[in-house]
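An overview of the molecular structure
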Amino acid sequence: MAKVEAVLFVADSALSTRKIAQLATLANASEAKELIDQLNAALEATHSAFHIKRVATGYQMMTQPQFSFWLNKLHQRQAALKLSAPAMETLAIVVYRQPITRADIESIRGVQSAEMLKQLMDRGLVRIGGKDDSLGRPFLYESTRKFLEIFGLKNLDDLPMGEALRIRPEQPKKTSETNEEETELESAEEEVSEETESAGVVEDNGEEDDEDLFAA
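The present account deals with the structure reproduced in this document. In this text the structure is predicted, and so the values were computed from the model without any measurement.

About the criteria used
Residues numbered from 1 in each chain as written. Predicted model: local features only at pLDDT ≥ 70, side-chain atom pairs only at ≥ 80, totals over all residues. Heavy atoms only, no water. Pairing = 2+ DSSP bridges. Helix = DSSP H or I, 4+ residues; strand = E, 2+ residues; numbered from the N terminus. Contact = heavy atoms within 4.5 Å. Axes fitted to C-alpha atoms, helices over the stretch in contact; angles between N-to-C directions. Patch = residues over 30% accessible without salt bridge, like charges linked within 9 Å, V, L, I, M, F, W, Y side chains within 5 Å. Areas by Shrake-Rupley, 256 points an atom, 1.4 Å probe, with all protein chains shown as cover. Salt bridge = Lys/Arg side-chain N within 4 Å of Asp/Glu carboxyl O. Buried < 20%, exposed > 50% of the residue type's maximum accessible area, 1.4 Å probe, protein only. Expected span 1.5 Å × (residues − 1). Polar contact = N/O pair within 3.5 Å; in protein donor to acceptor, adjacent residues only side chain to side chain.

What follows is about the sheet that holds strand 5 (residues 139-143). Picture the strands of a sheet paired through backbone hydrogen bonds; they go either parallel or antiparallel. The sheet built from 3 strands is open, its strands ordered 3-5-4 with antiparallel pairing. In the strand order of this sheet, the two ends are held by strand 3 (100-101) and strand 4 (126-131), each with one partner. In this structure, strand 4 lies alongside strand 5, joined through 5 bridges in antiparallel fashion. Paired with isoleucine 128 across the bridge in strand 5 is tyrosine 141. Contacts between helix 8 (residues 114-122) and the sheet are confined to strand 4 and strand 5, with strand 4 contributing the most and set at about 110° to the helix.

Put into structure tokens, the structure is as follows:
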């Protein structure tokens, strides 16, 4: 358990259970998950300033929310990560209405949004997720894994008022075989992401690598 705590403490971003097991020399991902649960219980029992939270596709050690005021002063994180009101408005539209075109964003905001989207993409919070089927095939924008990590969300279902505000695209019914295939794909994506990070590769295709900015 101490090895798991050490790995999470020094990690710069969220880690999958498979990666934690590898770094802490554990038997498998299941053992890593069990130790994370035990460690969280121990931290809670001792009223620690830290807790481990599931964010995006991994786990990350964070400080308790009540300490954010003092930590922001210490590290000046608030100034470094602060988004302007227009940028936050644009991000909220993308997050709740994704995938969404720039034209649709601008129709909601009533103003040009190209610069706001550029700023959000530069920070790794928004990326191009594909192209729309409408005339001209405009880009579709969506949030990134870094967004989930920074805002401490496991997935988009954890968004505040998500049930009322979020628009979910229609999806076909899933069979058990489909679910198994998706689980295998998620594991493969984690492996590719970790291999890419270890090699220091960044794809130059307008989609930034989704690593978080800090460990809260």
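For the rest of this paragraph, the subject is a nonpolar patch on the surface. Together, Phe9, Val10 and Phe50 make up a nonpolar patch on the protein surface, roughly 310 Å² of accessible area in all. Counting through the fold element by element, valine 10 comes out in helix 1 (residues 2-10). Here valine 10 falls in the exposed class, since its relative accessible area comes to 61%.

Checked against the element boundaries, aspartate 37 lands in helix 3 (residues 29-45). For aspartate 37, a relative accessible area of 40% puts it in the partly exposed group. Sequence separation between aspartate 37 and isoleucine 52 is 15 residues; the distance between their C-alpha atoms is 8.6 Å.

Turning our attention to helix 3. The terminal C-alpha atoms of helix 3 lie 24 Å apart, and with 17 residues this matches the ideal 24 Å at 1.5 Å per residue to within 8%. Against helix 1, helix 2 (17-23), strand 1 (50-55) and strand 2 (58-63) lie the buried residues of helix 3. Capping of helix 3 at its N-terminal end is provided by asparagine 28; its side-chain oxygen lies 3.1 Å from the backbone amide nitrogen of serine 30. Where helix 3 ends, the next residue or the one after it, histidine 47, has phi of about 55°, a positive value.

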